[in-house]
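Next come the chains, spelled out residue by residue.
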Amino acid sequence: MSMATRLWRRRFKLLTGLVLVLVAASVVHLWTKVSRIENALPLDALHKERSFAVLLEEVGRLETELRLGALEIDAARRERLAFALDLLILRQRDNRDLYAGLQLPGVAELHRDLGAALAGVDETLRDPQPDAASLAAWAERFGALRERLRALNGRVFEASIGQAVTQRADLDRLRNTVSAMIVMLGGLGMALGVLLVRQQRNIRELEKRDLALQAAEVAQRELRERLERITDNMPGVIFQYREWPDGHSCFPYASQGLRELFGVSPEAAAADGGVIFSAMHPEDRPRVIELLRESARDMQPRQVEYRVILDGVESWLSSHGTPRREADGSLLWHGYTHDVTRRRLAEDEIKHLAFYDSLTGLPNRRLLMDRLRHALALCARTGAQGALLFIDLDNFKTLNDTRGHDCGDTLLRLVADRLRQSVRLDDTVARLGGDEFVIMLEGLGARPEEAATQAEQIGEKILALLNLPYMVDGQEYHGTPSIGVALFGDRETRVEDLLKRADLAMYQAKGAGRNTLRFFDPAMQTLVAANSALEAEMRQGLRQGEFILHYQPQFDAGGALIGMEALVRWQHPQRGLVPPGEFIALAESTGLILPLGQWVLETACAELAACKPVCGRPLGVAVNVSARQFRHPDFVEAVLGVIERSGIEAAQLKIELTESLLLEDVEETVERIGRLKAHGVGFSLDDFGTGYSSLSYLKRLPLDQIKIDRSFVRDVLSDANDAAIARTVIALGQTLGLHVIAEGVETEAQRDFLIEHGCDAFQGYLFGRPAPIGELRCLGTLH
Amino acid sequence: MKRLRHALAAFAALFLFVSAVRAAPAGAPYPVTLPAFPAGPQVLSTVAPDGATQRYSMADLEALGTWELTTSTFWPGDDGTYQGVLLSALLRDAGLAEAAAVRLVAQDGFSQVIPRADWVTWPVLLASRRDGGAMARRDKGPLRIIYPREMDGALHDAVYRLRWIWMLARIEAVAE
């Protein structure tokens, strides 16, 4: 018996009771109404009316008899008179209450007058021979009474009619009431009937529904059990994940697979969703949470793959969830999670197969093109240049044909290993197929000449490496490569074109007799060739002592010689004196700067030591040191060794550094300067103000001197900005306690301006051009 | 058949008599002995269904057996003790006992039909005296019908008011 059925039954009882009460009330109402109307039935009025009519008639009869008696009286007439009188007296007495009950004016008077008249006639008739005249008089009197009675009768009639009309109306109302009640009761009865029928139907329906519900419950339970059997035996997890706006979360349902994948029981996850997230790889967790946030924002399903480390084994899982907003404001995701570790591994392998050469393990053409595209984009942003080296093995086909493919393959693997070793980790070594390899170099110098030189050096290194003998199947094999180089640094260039250029350059190398390197750009080729020649000449020059040092004197404000700057010059056998601008850059890019710098340092110190006795007082010498030289791990020891060997005081040596040095690894710079300063070596900052001058570096570096660059000094009198910079550098030096020296001072006016603003020392044509130490000797004596 | 009917009627009368004497209910008439009326004119005539006419003087009537009844009436100053004969006795004497209804006609011409049920059901009195004396015409005499009004509430109904005939002059059978 369901709730609804009970409700119906109670309602039915209520309705039945209501109908019964209504019927009872109707019956009582009808009864009262009927008895009220019955009591008011016009019978009384009829009696009254009739009584008056009879009274009127009998008064008329008595009047007639009296008149007849007045004419002639005999025994019969007398008897008739007496009878009429008796009747009237009787009527008068019976009507006594009637008179009293009538609420009409004049009734009492009439009653009294009639009574008096009747008594008078009765008296008169006692006489055996009544007087005719008195009978006539009585007749007249009764005539008047008759008239009064007639008028009264009319009024009684009217009243009676009125009462009848009222009662008729009452009856009509009663009839209406009865009709209405019958209709109402009929309606109620019908309603009751309909209700009964409906109730029966409802009960039947409810019972049917109850049965259906039970069946549905059984079906549902079976379905749930079946579902659980399926979900719990499925690889992976079926889950519901719920999240409330306050951040609290849980897994209202999760299949048993949760234990296997996460090591968490469904019950624990149902209590707190956080345990699942804790099981995720820390690197992947933020990504999963971010995807959840996205899904919550746009209410779209999301799929995410992440790692879980369970018992030390890493596995990849994939989760898919579709969000739905719940009535209580929480979000509910329905989804599934499964293990995709095998697929990931397969994907990795496929990716490897797709992007790597299976023989050598090197990136293939596709990956190379992809990286090249990235490199081009990067070049456009950083401004750095890159280079493609197209390497083809000479006579590889012959090896393949004579000693078999296995030997060829072995050789290719060996070549790949050597190529890999010959470049930085960031560079790409790829195999295009056959005996073709490509090396992509990135992050070379910003200027094409610089990049070309760097690429050429690496190319030469590769040439050298691949020229070394190989051991192929126990036999020594000697092979050579041809290398084509194409520079890139321009985004406009298409990667295919780039590769084609390197390829063409490689054919040029083949055409040039193999085992060589060629640039695609003829200008580059020329430049590189020239540089190569120059480099060779420099090496030879270094060996043969073609480099010499010139010194430019430095004076203080008072005009006293305080030292000199050593400047390197190349006394070329054919070209004469070559200025440093033409060979220092090449020396730096080729690494020749190291032996050259060492030579400069040693020579300067040695010459200064030789000069000392001549000048009478110790002079200082400033030596320029390049970044590459300064960064060399043995730099400090080398400097100290030179000082010791030369026999000069460490304080006589001043090392000039450039600003670019300050940009890298300030800690190491500070440490090196500190170590040398501890021995008394001085430090000067060259070209201050031309580069990325940073006051914070300036403050941290333990310098002794800063040098105002010649470009500021040149226009210090004509350009307000240069004047301001010069003044500022001087002020800065004074503030930081640094010695300030100006270079390139050519006029006395420039010198005076600088002196005026507090500059400590000067060098320039005004004081003396750079000259060999021998010529400089005189200066000390001159001043 | 007629004898049997008579016997039945006699038995009924006896029964009524006995029951009336034995346990006269409240308001019921009871038999009374009265001094005889002096000889006088015939005041009542009866007409049987067969047209046979009988005439009765007051003495003739009272010879049928006198009863006394104290009752209220419908009219003012009319309540009192009346003596007379039972209507049923008169009708039996006049040969009207089996009539379905009879018409009673007064001296002034007023008349009413009384159904048989009335005299069979109640001991209706044809009063000839009030308080032992004759009734004047102006006092609704000399003969008048008195219903035993106190015996039965039904007799208070206005219908019976009209059947209280006074100045009774004639009784005739009503043709069915």
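Residues numbered from 1 in each chain as written. Chains lettered and ligands numbered in written order. Predicted model: local features only at pLDDT ≥ 70, side-chain atom pairs only at ≥ 80, totals over all residues. Heavy atoms only, no water.

So, unusual backbone geometry
The omega angle of the peptide bond from Gly-141 of chain B to Pro-142 of chain B is -5°, so this bond is cis rather than trans. On the secondary structure map, Pro-142 of chain B appears in the loop between strand S9 (133-134) and strand S10 (144-146). For Met-299 of chain A, which is not glycine, the phi dihedral falls at a positive 55°. Position of Met-299 of chain A among the secondary structure elements: in the loop between helix H10 (285-298) and strand S3 (302-310). For Met-299 of chain A, a relative accessible area of 25% puts it in the partly exposed group. Of note, the phi angle at Asp-311 of chain A is positive, near 55°, even though the residue is not glycine. Here Asp-311 of chain A shows up in the loop between S3 and strand S4 (313-325). A relative accessible area of 75% places Asp-311 of chain A in the exposed class. (Helix = DSSP H or I, 4+ residues; strand = E, 2+ residues; numbered from the N terminus. Buried < 20%, exposed > 50% of the residue type's maximum accessible area, 1.4 Å probe, protein only.)

Some remarks on the interface of chain A and chain B
Taken residue by residue, the interface counts 17 residues in chain A and 15 residues in chain B. In this assembly, chain A and chain B are joined by six salt bridges. Note that Asp-86 of chain A is salt-bridged to Arg-137 of chain B, the shortest N-O span being 2.9 Å. For the interface between chain A and chain B, the tally reads seven residue pairs in polar contact (both at pLDDT 80 or more). When contributions to the side of chain A that touches chain B are tallied by element, the ones reaching two or more residues are helix H2 (43-71), helix H3 (75-94) and helix H4 (96-101) of chain A. Considering every element that reaches the side of chain A that touches chain B, the biggest residue donor is H3 of chain A, with eleven residues. Grouping the amino acids of the side of chain A that touches chain B by side-chain chemistry returns seven nonpolar, one polar and nine charged. (Contact = heavy atoms within 4.5 Å. Salt bridge = Lys/Arg side-chain N within 4 Å of Asp/Glu carboxyl O. Polar contact = N/O pair within 3.5 Å; in protein donor to acceptor, adjacent residues only side chain to side chain. Nonpolar A, V, L, I, M, F, W, Y, C, P; charged D, E, K, R; others polar.)

Remarks on the UniProt feature "domain: Oxidoreductase molybdopterin-binding" (unreviewed entry) in chain B
The residues that UniProt annotates with the feature "domain: Oxidoreductase molybdopterin-binding" (unreviewed entry) are residues 81-149 of chain B. When the span residues 81-149 of chain B is considered, its composition is 20% helix and 41% strand, and the gap between its end C-alpha atoms is 12 Å. (UniProt positions renumbered as here; feature names shortened; annotations may be inferred.)

What about the packing of aromatic side chains?
Considering all chains together, one arrives at 19 aromatic pairs over all chains under this definition. Consider the rings of Phe-74 of chain B and Trp-75 of chain B, whose centres lie 5.7 Å apart with planes at 75°: the pair is edge-to-face. Judged by relative accessible area, Trp-75 of chain B falls into the buried class, the value being 9%. Within the aromatic cluster, the residues linked to one another by ring pairs are Phe-74, Trp-75, Trp-122, Tyr-147, Tyr-160, Trp-164 and Trp-166 of chain B. It is Arg-344 of chain A that lies over the ring of Trp-316 of chain A; its NZ or CZ is 3.6 Å from the centre. If you follow Arg-149 of chain B out to its NZ or CZ, it ends over the ring of Phe-74 of chain B, 4.2 Å from the centre. (Phe/Tyr/Trp six-rings, centres within 6.5 Å; stacked < 30°, edge-to-face > 60°. Lys NZ or Arg CZ within 6 Å of the ring centre and 35° of its normal.)

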